[in-house]
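Residue-level structural notes
Chain residues, written in single-letter form:
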Amino acid sequence: MRLTAKEYQLLVLLAQDPGAVVDRRRILERVWEPNFFGSGKTLDFHVATLRRKLGDPRWIENRRGVGFRLSVPPADAA
């Protein structure tokens, strides 16, 4: 799996404190730039792409209106 620089930075930021919600503004400021004024859809696009590359969208949870967090998806019962 190859990640873009932004996907990698996003994953690293979320992995610094797994399970903790990182708010959207902090993600945009840390991964893009301190005064990022672009579309919030930029972040949503990168999260969606990263979820696909991780193989399970449950690795990155959306906390609506707040931000995102990295979590370990539960093992599927066989």
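Summarised in this report is the structure supplied together with it.

Conventions we followed
Residues numbered from 1 in each chain as written. Predicted model: local features only at pLDDT ≥ 70, side-chain atom pairs only at ≥ 80, totals over all residues. Heavy atoms only, no water. Helix = DSSP H or I, 4+ residues; strand = E, 2+ residues; numbered from the N terminus. Rg over C-alpha atoms; globule rule 2.2 N^0.38 Å. Buried < 20%, exposed > 50% of the residue type's maximum accessible area, 1.4 Å probe, protein only. Contact = heavy atoms within 4.5 Å. Lys, Arg positive; Asp, Glu negative; His and termini not counted. Charge placed at Lys NZ, Arg CZ, Asp CG, Glu CD. Core = buried A, V, L, I, M, F, W, Y, C linked by side-chain atoms within 4.5 Å. Pairing = 2+ DSSP bridges. Salt bridge = Lys/Arg side-chain N within 4 Å of Asp/Glu carboxyl O.

Section: the overall build of the chain
Assigned secondary structure in the chain consists of three helices and three strands. Along the chain, from the amino end to the carboxyl end, the secondary structure elements read α-β-α-α-β-β. At 12 Å, the chain has a C-alpha radius of gyration in line with the 12 Å of a compact globule built from 78 residues. For the chain, buried positions account for 28% of its 78 residues. Pairs at least 24 residues apart make up 47% of the contacts formed inside the chain by residues separated by at least 6 positions. Put simply, the chain has 14 plus and 9 minus side-chain charges, and the middle of one group is 3 Å from the middle of the other.

A look at the nonpolar core
A general tendency of soluble globular proteins is for nonpolar side chains to be buried together. Core analysis: the largest hydrophobic core is formed by 15 residues, its most contacted members being Leu10, Leu14, Ile27, Trp32, Leu43, Ile60 and Phe68. Of all the secondary structure elements, the ones that give two or more residues to this core are helix H1 (5-15), helix H2 (24-32), helix H3 (41-54) and strand S3 (67-70). At four residues, the largest contribution of residues to this core is made by H2. The contact partners of Leu43, leaving out residues within four places of it in the chain, are Leu10, Arg24, Ile27, Leu28, Trp32 and Phe68.

A word on the pairing of strand S2 (residues 60-63)
Note on strand geometry: in a regular strand, side chains alternate between the two faces of the sheet. Where S2 and S3 come together, four bridges link them in antiparallel fashion. In the strand pairing of S3, Ile60 is matched with Leu70. As consecutive antiparallel partners, S2 and S3 are separated by three residues, and within that stretch Gly65 has a phi angle of approximately 80 degrees, a positive value.

Overview of the pairing of S3
Of the pairings in the sheet, the one linking strand S1 (residues 22-23) to S3 comprises two bridges and is antiparallel in character. Bridge pairing in S3 places Val22 opposite Phe68.

Regarding the pattern of salt bridges
Should their charged atoms come close, side chains of opposite charge can pair. Under the definition given, this model contains five salt bridges. Here Lys53 ties to Glu7 by a salt bridge, and the two come within 2.7 Å at their closest N and O atoms. Placement of the pair is Lys53 in helix H3 and Glu7 in helix H1, with a sequence separation of 46 residues. Taking relative accessible area as the criterion, Lys53 reaches 30% and is therefore assigned partly exposed.

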